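So the chains spell out like this:
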Amino acid sequence: MSSDRTEQLRVIKDELLNLTESPLYDYRQRNNYFPVIGQGNHYAEIMFIGEAPGKNEAETGRPFCGASGRVLDQLLASIGVPRPDVYVTNIVKDRPPNNRDPLKTEIDLYAPFLERQIDIIQPRVLATLGRFSMEFILRHFGAYRSGARISQLHGTVISVRVSYGTASVVPLYHPAAALYNASQRGTLEDDFQVLTQFLSGR
Ligand code: URA
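Student: Let's hear about the nonpolar core: which residues, and what values?
Tutor: One finds Phe 48, Leu 126, Ile 137, Leu 172, Phe 192 and Leu 195 to be the most contacted residues of the largest nonpolar core, which totals 61 residues. Considering every element that reaches this core, the biggest residue donor is helix H5 (residues 104–121), with eight residues. In contact with Leu 195, other than residues within four places in its own chain, are Ile 46, Phe 48, Ile 79, Val 125, Ala 127, Val 170 and Leu 172.

Student: So what about the sheet that holds strand E1 (residues 39–40)? Which residues, and what values?
Tutor: Here we have six strands laid out as an open sheet, ordered E1-E3-E2-E4-E6-E5, and mixed in their pairing. Each edge of the open sheet is held by one strand with a lone partner, namely E1 and strand E5 (158–162). Strand direction decides the pairing type here: E5 and strand E6 (residues 165–172), joined by five bridges, are antiparallel. The residue of E6 that forms the bridge with Arg 161 is Thr 166. Seen against the sheet, H5 touches strand E2 (46–50), strand E3 (87–90) and strand E4 (125–129) and runs at an angle of roughly 170° to E2.

Student: How would you explain helix H8 (residues 182–194) if you had to name every residue and give the values?
Tutor: Here H8 contains 13 residues, and its C-alpha end-to-end distance of 19 Å stays within 8% of the 18 Å for a straight helix at 1.5 Å per residue. For H8, every residue scored as buried is listed here: Gln 184, Leu 188, Asp 191, Phe 192 and Val 194. The buried residues of H8 occupy an angular sector of 125° when the element is viewed end-on, so they sit on one face. The outward face of H8, more than 90 degrees from its buried face, is lined by the exposed residues Ala 182, Ser 183 and Asp 190.

Student: Hey, could you go over the packing of H5 against helix H6 (residues 131–140) for me, with residue numbers and the actual values?
Tutor: Between H5 and H6, the least distance of the axes is 12 Å, while the angle of their chain directions is 70°. One way to sum up the angle between H5 and H6 is to call them roughly perpendicular. In this structure, H5 crosses over H6, and the sense of that crossing is right-handed. Residue-level contacts link Ile 107, Ala 111, Leu 114, Glu 115 and Ile 118 of H5 to Phe 132, Phe 136, Ile 137 and His 140 of H6. When grouped by side-chain class, the residues that make up the contact of H5 with H6 number seven nonpolar, one polar and one charged.

Student: Quick one: what's the story with the site of the ligand, residue by residue and with numbers?
Tutor: Every residue near the ligand is listed here: Gly 50, Glu 51, Ala 52, Glu 57, Pro 63, Phe 64, Asn 90 and His 174. In the environment of the ligand, a nitrogen atom lies 2.7 Å from a nitrogen or oxygen atom belonging to the side chain of Asn 90.

Student: Any details on the pattern of salt bridges? Residues and values, ideally.
Tutor: Scanning the entire structure with this criterion turns up 11 salt bridges. The partner of Lys 55 in a salt bridge is Glu 59, and the shortest N-O contact between them spans 2.9 Å. Here Glu 59 and Lys 55 lie together in helix H3 (residues 55–60), a separation of four residues that amounts to about one turn. Residue Glu 59 is classed as partly exposed on the basis of its relative accessible area, which comes to 40%. Where Lys 104 meets Asp 108, a salt bridge forms, and the shortest distance between an N and an O atom there is 2.7 Å. One end of the pair is Lys 104 and the other is Asp 108, both in helix H5 and four residues apart, which spans about a single turn. Taking relative accessible area as the criterion, Lys 104 reaches 60% and is therefore assigned exposed. Shared partners join several salt bridges into a network, and the residues in it are Glu 7, Arg 10 and Asp 14.

Reading guide: rules and limits
Residues numbered from 1 in each chain as written. Predicted model: local features only at pLDDT ≥ 70, side-chain atom pairs only at ≥ 80, totals over all residues. Heavy atoms only, no water. Core = buried A, V, L, I, M, F, W, Y, C linked by side-chain atoms within 4.5 Å. Buried < 20%, exposed > 50% of the residue type's maximum accessible area, 1.4 Å probe, protein only. Helix = DSSP H or I, 4+ residues; strand = E, 2+ residues; numbered from the N terminus. Contact = heavy atoms within 4.5 Å. Pairing = 2+ DSSP bridges. Axes fitted to C-alpha atoms, helices over the stretch in contact; angles between N-to-C directions. Expected span 1.5 Å × (residues − 1). Arc of directions from axis to C-beta. Parallel < 35°, antiparallel > 145°, perpendicular 65-115°, else oblique. Left-handed = near helix turned anticlockwise from the far one by under 90°. Nonpolar A, V, L, I, M, F, W, Y, C, P; charged D, E, K, R; others polar. Near = heavy atom within 4 Å. Polar contact = N/O pair within 3.5 Å; in protein donor to acceptor, adjacent residues only side chain to side chain. Salt bridge = Lys/Arg side-chain N within 4 Å of Asp/Glu carboxyl O.

Dropping the structure here:
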């Protein structure tokens, strides 16, 4: 029998599959793409939140399964965390055309689904990947300070009140940043070490 959480996440999946009001819905249908809901442990202590699916993700329905995903897998391996232990998702659940940045209207439309995923999975750590998800999560939990930049906040731990108690936001650069820039990769590796303090019972 599927757990309560699995059932609640399935409801979200059904709603997203039928989200005809999304400006990205027609593009999804025309390309035979899937919405990318999220993947991983429904009891994860760490939830990774990216921006929006790329082409590989939209073709498979799985988050971070292309080049950025390989970097994410390596970073997880560097702290000894198997990917199935964590939950990986995005703010925007459908692929924006040509990998353009998500629009505010798209973020506003899809954000409530992410908020529900957070409330269902109740992670202790919200690890944001890239500046869009950092800004969204900090704003959503009332921890955004005007002018806050990822270059200042990456690798820090920001405590926020959530519906199920407190959680720690850890802003991280997007793994795509490491693809073409070796120093960004070193920074990401260092920042991932920050997550090890949250790995209990291993
Ligand atoms: N980039 C993202 O932000 N999310 C994905 O799922 C893949 C690439």
